[in-house]
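Letter by letter, the chains look like this.
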Amino acid sequence: MKRILFAICAFAVTLSLAAQEKWEKWQLSQLNGWGVDVRAGYVLGGTTPLPLPPEIRSMESYKPQQGFMWGVDVTRRFNKRWGMKLGPHFFMQGMKVVATVKNYHMGITQGDDYVEGNYTGTDVTNAKYLGVTIPVDATFNLSPRWTVFAGPYVSFISPIFDGEVYDGYLREGDPTGPKIEIASDTPATYDFSDDMRNVQVGLNIGFDWQAVRHVKVFGMLDWGLNPAFRSDFKTIEFKMYHLYASFGLAYSL
Amino acid sequence: MKSKYLLAAMAGAAMVSSCFQGEPQNSECDITQVTLSLNQPEDYFYNPADTMQLVSTADSVITFYMRKGADLTSITPKFNITSGAVISPASGVAQDFSQGPVYYVVTSEDGMWNRRYALNCMLDTTMIADTVRYTFDNYELEPNGKFYVWYEWNSDETRNDCWDSGNPGYKIARSSAKPEEYPAVPVSTGGVDGGPYLKLETVATGGFGNMVNMRLAAGNLFIGSFDATFALKDQMQATCFGRTFTRKPQKLVGWYQYKRGASMQDRAGKPYEGGVIAGVNVSTADMPDIYACFFEGVAEDGSDYLLHGDDALTSPKLVALARIPHNYSLETNQWTRFEIDFDYETYGKTVDPELLANRYYKFALVMSSSIGGAEFIGAVGSTLLIDNVELICEEEEKEQ
C-alpha cells in the first residue's frame, strides 16, 4: 500500500515539474478566487468488514448496482497551491455480493424471536443507499493540471441492506448445537436496513485532472470512519464500513 | 492514461485478494456415524444392517438394541467424526457395555469445542402386549425446558420414548414461545377418563416461518423421530415415522374432539382454494388426520426403512393401514370414539410370523391437527384433542 502511494506521489511530482510553466494556460478564473465545479460520475464500492475476517472464505461475485453520483462544489483558491472546496454530492449506489462463509456467527431477530448460531454456506447481500454526502476538502495543486484533495465528510443515507442465506447450514447457538440445513430453494432471508446508521462521517480523498479547459476528470474515495451499523446491532459480529470510489467528469463554470 | 488505470485496477485486485485470510480450522465436533465391528453380527442383531447408525447432530445419546444373549462385555465401535476432530476413547477400541453406557468426548480441530456422547449397547427385552395403550398421561419438559415430550410405559415397566412431534422444529422458528404455545401440548385434566389428554393445534410460526415460507405448524404427534436438521430444508424428511413392532395390529381405537380453524391458507399464506391433499379431497375447511401404518421396516439393501411425511400413505412397503375416514365432517366438541380396522387387503401382503418375531416389521401412529400440515396448508386454530388410543393386536398363539 505504501509503495503504491509512493509511486503515485512520484508520478505526480514528475508531472508537476514538467508542467511548471503552464499555470496560466490551465488555471481558470478561480486562481485566487471563487469557482464552481459540477460533477457527475460512476460509483463503485460497497460495505465491507475491514479487514476481511477469516470466516469469509471467498467472494463468488460482486456486482456494483446503480452507482451514480452528481454534485456541485464551490471552490475557493487562497494561493497558487492551496484552496478549499465544499458542496453536496447526491448519490445512489449499491452492491450485490455473493460470498461463501464458514462458521460465521450470526443471529437474526424477528419480533420477540431470535435465532443465533454459526452459519456455513452461501450468503447473498444486497445493499442500496440513497443520500447526500457533503465533503469539506482542502485542495492542493500539484501542477497546473493536477489537484489532489482530502477532507472529512458527513453523509445522510437512506439505506437498504438485506439478503439471504442458502445452500448451507446453521449450528444453532454454537458449533455444537443442532444443525439446521438451509436449502437453495428455501433460502432464509434477512433485512438489516433499519439497523444501519443514517448519518455517516468519513474521509474523502481524491484527485482532479484538467483534461481540457473547463473539464476535469476526477477520482475519489469515500471511506466511512464510523461503522455502517448502529452500535447496538450485534447480529453481524464484525464491524462493517462503507468504502466507495467514484470516477467521473467535472465541469468548471 | 490507459496503462495507469490498468495499474490501479491491478493494485485494487491485489489488495482485495490478499484480504482473504487462511481458512479457519473446523469448530464442529460431531459423531456422524457409529459402526459396531462384530465377528458374528447375527448373534447381536436380527438385521446385519443394524450394526450401523447415523447420528443426528441433535443427539448425544446413541443406543443399540441387541438380541437376547448378546455378549456386551467386549464390543468395538468405530466412529465417523467431523474432519480434524479427535475422539476419546479412541475409535476401534473394544469397550465393556455390560455396566451401562460408555462416554465419548469429541474435541474439535480448533480445540475450542467439545461434545460428550453416551453410547449404549443394551438387550432389547421389550414385550408387546395384546393391547397397546397410548394414554398421553406421561409427559415432561425436554431438558432445556422449551417444550413438552411424551412417553409411554411398556408392559414390563420400562420406559418407552416412542413419541416425537414437530415441536423441535417450532422451537427454531419461535424461540420465545412458552411450552404451552407449542403446537403439541398436554392438558392435565378433562380427558375421557378425567385425566390428561393431548392437544394438537395448528399455530402460526411468526416472522421466521414467513421468512422461509412455512407460515404455520400443524400440531402433530407420532411414533418415530423428528430430525430438526431438515426442518427448514426438506420438512418431509424431518418426520421419520415408525418403530420396530412384533405384533400384528388389527384395530385402532381412541377418542377425539376436533374444531377447525376459521380460514384455510396455502403455503404462500393466501386463502386455500381446495384440492387433493394426502389422497383426500379437501375443500376450504380444514380437517385432522389420524392414521396408523404397519409396514416392512427393512429396505432392499438390508438397511433400516422408515416412512416419512411424503410417503407414509403411499409407500410400497405398507402392509396395512388404519386411517380415520374423511368422508364426513369430523368436527365435534365432545369426546367421540373412533374404531378403525386395519386394512390388509388393499396391500395384498401376508405377515410372516417368523419375520414378525425377528423384528422385520415396523409400526407408526401419526396424528395431526391439519391434514395438509406437512405442506404447510391448514387453518390456524384447528385443534385436535386426543385421548386413550389403543392398538388391538392379533392374539399370539399360546405356546403349549
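No experiment lies behind these values; they were computed from the predicted model shown.

So, how was this worked out
Residues numbered from 1 in each chain as written. Chains lettered and ligands numbered in written order. Predicted model: local features only at pLDDT ≥ 70, side-chain atom pairs only at ≥ 80, totals over all residues. Heavy atoms only, no water. Helix = DSSP H or I, 4+ residues; strand = E, 2+ residues; numbered from the N terminus. Buried < 20%, exposed > 50% of the residue type's maximum accessible area, 1.4 Å probe, protein only. Contact = heavy atoms within 4.5 Å. Areas by Shrake-Rupley, 256 points an atom, 1.4 Å probe, with all protein chains shown as cover. Pairing = 2+ DSSP bridges. Core = buried A, V, L, I, M, F, W, Y, C linked by side-chain atoms within 4.5 Å. Axes fitted to C-alpha atoms, helices over the stretch in contact; angles between N-to-C directions. Buried area = accessible area lost by both parts, 1.4 Å probe. Salt bridge = Lys/Arg side-chain N within 4 Å of Asp/Glu carboxyl O. Phe/Tyr/Trp six-rings, centres within 6.5 Å; stacked < 30°, edge-to-face > 60°. Lys NZ or Arg CZ within 6 Å of the ring centre and 35° of its normal. Polar contact = N/O pair within 3.5 Å; in protein donor to acceptor, adjacent residues only side chain to side chain. Patch = residues over 30% accessible without salt bridge, like charges linked within 9 Å, V, L, I, M, F, W, Y side chains within 5 Å.

Visitor: Before we move on, could you go through the overall build of chain A and cite the residues and values that matter?
Guide: In terms of regular secondary structure, chain A is built from two helices and 11 strands. Ordered by position in the sequence, the α and β elements of chain A form the string α-α-β-β-β-β-β-β-β-β-β-β-β. Residue burial in chain A is summarised as follows: out of 253 residues, 51% are buried. When contacts within chain A are restricted to residue pairs at least 6 apart in sequence, long-range pairs at least 24 apart make up 73% of them. Of the roughly 11900 Å² of accessible surface on chain A, 64% is carried by carbon and sulfur atoms.

Visitor: Please provide a residue-by-residue account of the pairing of strand β21 (residues 249-259) of chain B, values included.
Guide: Residues and elements named next belong to chain B. Where β21 meets strand β31 (residues 383-393), nine bridges bridge the pair, whose relative direction is antiparallel. Considered in β31, the bridge of Gln257 is made with Leu385. Examined bridge by bridge, β21 and strand β28 (residues 332-341) share seven bridges and lie antiparallel to one another. Note on β28: the bridge partner recorded for Trp255 is Arg337.

Visitor: Hey, could you go over the nonpolar core for me, with residue numbers and the actual values?
Guide: Within the largest apolar cluster, 61 residues are counted, with the highest numbers of intra-cluster contacts made by Tyr129, Phe161 and Phe229 of chain A together with Phe241, Cys293 and Leu307 of chain B. With seven residues, strand β4 (residues 89-110) of chain A is the largest single contributor of residues to this core. Phe136, Trp150, Leu200 and Phe338 of chain B belong to the second largest nonpolar core, which has 42 residues in total.

Visitor: Quick rundown of the sheet that holds strand β2 (residues 52-54) of chain B? Include the residues and the values.
Guide: Residues and elements named next belong to chain B. On the basis of which strands lie adjacent, the open sheet formed by three strands has the order β2-β1-β4 and antiparallel pairing. The open sheet has two free edges, formed respectively by β2 and β4 (76-81), since each of these has just one partner strand. Across this sheet, the average inter-strand angle for adjacent strands is 15°, counted without regard to direction. Pairing geometry for strand β1 (residues 31-37) and β4, over six bridges, is antiparallel. Paired with Ser37 across the two strands is Thr76, which belongs to β4.

Visitor: Describe the environment of Glu181 of chain A, and please don't skip the residues or the numbers.
Guide: Within the secondary structure, Glu181 of chain A is located in strand β7 (residues 179-182). It is 49 Å that separates the C-alpha atoms of Glu181 of chain A and Leu249 of chain A, two residues lying 68 residues apart in sequence. Non-local contacts of Glu181 of chain A, meaning those with residues more than four positions away in its chain, are made with Gly168 and Tyr169 of chain A together with Thr229, Phe230, Leu232 and Lys233 of chain B.

Visitor: Residues and numbers for the interface of chain A and chain B, please.
Guide: At the interface, 38 residues of chain A touch 38 residues of chain B. Carbon and sulfur atoms make up 62% of the area that chain A and chain B hide from each other, which totals about 3400 Å². The interface formed by chain A and chain B holds four salt bridges in total. When the shortest N-O distance is used, the salt bridge between Glu172 of chain A and Lys171 of chain B registers 3.7 Å. Here the element with the most residues in the side of chain A that touches chain B is β4 of chain A; it accounts for five residues.

Visitor: Lay out the packing of aromatic side chains with the relevant residues and their values.
Guide: Tallied over the entire structure, the rule returns 28 aromatic pairs over all chains. Between Phe161 of chain A and Phe229 of chain A the ring centres are 5.0 Å apart and the planes differ by 85°, which places this aromatic pair in the edge-to-face class. Note that Phe161 of chain A is positioned in strand β6 (residues 146-172) and Phe229 of chain A in the loop between β10 (215-224) and β11 (240-252), a separation of 68 residues in sequence. Residue class for Phe161 of chain A comes out buried when judged on its relative accessible area of 2%. Cluster of aromatic residues (ring-pair linked, three or more members): Phe161, Tyr190, Phe192, Phe229 and Phe233 of chain A. Positioned above the aromatic ring of Tyr305 of chain B is the side chain of Lys317 of chain B, whose terminal nitrogen or guanidinium carbon lies 5.7 Å from the ring centre.

Visitor: So what about unusual backbone geometry? Which residues, and what values?
Guide: The step from Ser88 of chain B to Pro89 of chain B runs through a cis peptide bond, and the omega angle for that step is -5°. Mapped onto the elements, Pro89 of chain B comes out in the loop between β5 (86-88) and β6 (102-107). A positive phi angle is found at His214 of chain A, which is not glycine, with a value near 80°. The class of His214 of chain A is partly exposed, set by a relative accessible area of 30%. Here Asn388 of chain B, not a glycine, exhibits a phi torsion of approximately 40°, which is positive. Note on placement: Asn388 of chain B falls in strand β31.

Visitor: Quick rundown of the environment of Asp289 of chain B? Include the residues and the values.
Guide: Residue and element names in this part refer to chain B. Of note, Asp289 is situated in strand β25 (residues 289-296). Between the alpha carbons of Asp289 and Leu384 there is a distance of 9.0 Å; along the sequence they are 95 residues apart. What Asp289 contacts, discounting residues up to four positions off in sequence, is Arg323, Ile324, His326, Val366, Met367, Ser368, Ile371 and Leu384. At 2.8 Å, the side chain of Asp289 forms a polar contact with the side chain of Arg323.

Visitor: Go over a nonpolar patch on the surface, please, and point to the residues and values.
Guide: All names here are of chain A. On the surface, a nonpolar cluster with roughly 500 Å² of combined accessible area is contributed by Leu50, Val201, Leu203, Ile205, Trp223 and Leu225. For the nonpolar patch, the element with the most residues is strand β9 (residues 199-212), which contributes three residues. Note that Trp223 resides in strand β10. Under the relative-accessibility criterion, Trp223 is labelled partly exposed at 40%.

Visitor: Residues and numbers for the sheet that holds strand β7 (residues 114-123) of chain B, please.
Guide: Residue and element names in this part refer to chain B. Spatially, the four strands line up as an open sheet ordered β3-β7-β6-β5, and their pairing is mixed. For this open sheet the edge positions go to β3 (61-66) and β5, each flanked by a neighbour on one side alone. Pairwise comparison of adjacent strand axes, ignoring direction, gives a mean angle of 20° for this sheet. In the sheet, β6 pairs with β7 via six bridges, with the strands oriented antiparallel. Across the sheet, residue Val102 finds its bridge partner in β7, namely Leu119.

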